[in-house]
Amino acid sequence: MQNPFRFGSVVSGDDFADRRSELAELGRELRGGQHLFLLSPRRYGKTSLILTLLDRLRRQGLLVAYVDVFRTTTPVQLMELMAQTVLRAAESQPERLLRLATDLLGRLRPQVGTDSRGKPTLSIDIGASPRGTLALQEEVLTLPEQLAIKRKRRLVLLFDEFQEIQRFPGANLEKAMRSHFQTHRHVSYLFAGSKETALRDMANRERSPFYKFGRLMSLGPIPTAEFAPYLQTRFRAGRLRVSREVLDAVLAAADDVPYNVQRLCHQLWALREGKADRITERDIGEAIAGIVEQDAPHFSAVWD
């Protein structure tokens, strides 16, 4: 059997440790039209949480779009990515996507193609003039509300690592986004980020264009009452017994950080597989020693 504990990548389905209360609260607020800022330290499973959330909202009949700001380096790239993901929230077939894009973004001469995986891609010909860039910005920022009204369904638009737009020169883009988004009545916006101070400032600093645009939510460790049964079930799948006391020791050793917990359990599984049918507290020390040895080259490089 494959090791059931995964770390370092986005997970979904059975691999996702269910954050029931967070999913319920986020879903309730977004369905009701509330805008949110989601703050999370790195390695807390933020991206896995929000993708699971969007999948649930999609199955409940909402339109959902996910924009990873990390993938962009200029305002033009961000606008193109936003247009593509918003339109793909409503259409997945290239021909229908082109008709929808032409209907809503006709002035920008949209073109639709497919990527290596067969998914439709959208490109926009705006030229290199400042006027073209401004036209792109105005058209794309009105797109979410237009699409939601056209399809008569609420749209949830999520910006992951939203604080990264501050890398772009000036604050004009932030001001333009706030100016448009605050008039949208059929779109719920979720701004997520792992640089907590930067994102908190964007939401709370009076000079920020997004000052008081939405409520703040902080993502903390997964409650032990939820995490321990999840871990126990994963161990049992491989016929490995582990007591609640040992699981509490695992969570304490990993400081309750989801990434650390998953990695430690991954190592515990690898150590005990085929040797015994029980995980003990002594195994935790051996697993941590193994992880330290694996990361020794990285530690040495940092020290140097």
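Just above, that's the structure.
Below you will find a few notes about this structure. Since the structure is predicted, the reported quantities are computational estimates derived from the model, not experimental observations.

### Concerning the sheet that holds strand β5 (residues 155–160)
Part 1 of the argument: With parallel pairing, five strands are arranged side by side in an open sheet as β2-β5-β6-β1-β7. This sheet does not close on itself; its edge strands, each paired only once, are β2 (63–68) and β7 (215–218). Averaged over neighbouring strand pairs, the angle between their axes works out to 20° when direction is ignored.
Part 2 of the argument: The pairing of strand β1 (residues 36–39) with β7 spans four bridges and is classified as parallel. Bridge assignment links Leu 38 to a residue of β7, and that residue is Met 217.

### Quick look at the packing of aromatic side chains
Part 1 of the argument: Overall, the coordinates contain 16 aromatic pairs when judged by the stated rule.
Part 2 of the argument: Seen in terms of ring centroids, Tyr 189 and Phe 213 are 6.4 Å apart; in terms of plane orientation they differ by 50°. Their pairing is tilted. Placement of Tyr 189 in strand β6 (residues 187–193) and of Phe 213 in the loop between α7 (196–204) and β7 is noted, with a sequence separation of 24 residues between them.
Part 3 of the argument: Taking the relative accessible area as the measure of exposure, Tyr 189 reaches 0% and is therefore buried.
Part 4 of the argument: Ring pairs connect the aromatic residues Phe 37, Phe 159, Phe 162, Phe 181, Tyr 189, Phe 191, Phe 210 and Phe 213, which therefore count as one cluster.

### Details of the pattern of salt bridges
Part 1 of the argument: Overall, the coordinates contain 15 salt bridges when judged by the stated rule.
Part 2 of the argument: Two residues, Glu 25 and Arg 215, come together in a salt bridge whose shortest N-O distance is 2.9 Å. Residue Glu 25 is found in helix α1 (residues 20–31), and its partner Arg 215 is found in strand β7; the two are separated by 190 residues along the sequence.
Part 3 of the argument: Assessed through its relative accessible area of 24%, Glu 25 is described here as partly exposed.

### Some remarks on unusual backbone geometry
Part 1 of the argument: At Arg 43, a position not held by glycine, the phi torsion is positive, near 75°.
Part 2 of the argument: Relative to the elements of secondary structure, Arg 43 occurs in the loop between β1 and α2 (46–59).
Part 3 of the argument: Notably, Glu 161 is not glycine yet its phi reads approximately 55°, a positive angle.
Part 4 of the argument: Considering the arrangement of structural elements, one finds Glu 161 in the loop between β5 and α6 (172–181).

### Some details on a nonpolar patch on the surface
Part 1 of the argument: There is a patch of nonpolar side chains on the surface, built from Ile 288, Val 292 and Phe 299 and spanning about 240 Å² of accessible area.
Part 2 of the argument: The partly exposed category is assigned to Ile 288, whose relative accessible area is 35%.

### Points about the pairing of β5
Part 1 of the argument: Counting buried residues in β5 gives six out of six residues, a clear majority hidden from the surface.
Part 2 of the argument: Burial along β5 is two-sided: the face carrying Leu 155, Leu 157 and Phe 159 and the face carrying Val 156, Leu 158 and Asp 160 are both buried.
Part 3 of the argument: Judged from the six bridges that link them, β2 and β5 form a sheet pairing that is parallel. Its bridge partner being in β5, Leu 63 is matched across the sheet by Leu 155.
Part 4 of the argument: Pairing of β5 with β6, which is carried by five bridges, proceeds in the parallel orientation. Note that in β6 the partner of Val 156 across the bridge is Ser 188.

### A word on the pairing of strand β4 (residues 120–124)
Part 1 of the argument: The two faces of β4 differ: Pro 120, Leu 122 and Ile 124 on one face are buried, but Thr 121 and Ser 123 on the other face are not.
Part 2 of the argument: Judged from the five bridges that link them, strand β3 (residues 110–114) and β4 form a sheet pairing that is antiparallel. Looking across to β4, one finds that Val 112 is bridged to Leu 122.

### Quick look at the environment of Val 261
Part 1 of the argument: Here Val 261 shows up in helix α10 (residues 258–272).
Part 2 of the argument: Judged by its relative accessible area of 0%, Val 261 falls in the buried class.
Part 3 of the argument: For Val 261 and Ala 176, which are 85 residues apart along the polypeptide, the C-alpha to C-alpha distance reads 41 Å.

Criteria and cut-off values
Residues numbered from 1 in each chain as written. Predicted model: local features only at pLDDT ≥ 70, side-chain atom pairs only at ≥ 80, totals over all residues. Heavy atoms only, no water. Pairing = 2+ DSSP bridges. Helix = DSSP H or I, 4+ residues; strand = E, 2+ residues; numbered from the N terminus. Axes fitted to C-alpha atoms, helices over the stretch in contact; angles between N-to-C directions. Phe/Tyr/Trp six-rings, centres within 6.5 Å; stacked < 30°, edge-to-face > 60°. Buried < 20%, exposed > 50% of the residue type's maximum accessible area, 1.4 Å probe, protein only. Salt bridge = Lys/Arg side-chain N within 4 Å of Asp/Glu carboxyl O. Patch = residues over 30% accessible without salt bridge, like charges linked within 9 Å, V, L, I, M, F, W, Y side chains within 5 Å. Areas by Shrake-Rupley, 256 points an atom, 1.4 Å probe, with all protein chains shown as cover.

These values are about where atoms sit, not about what they do.
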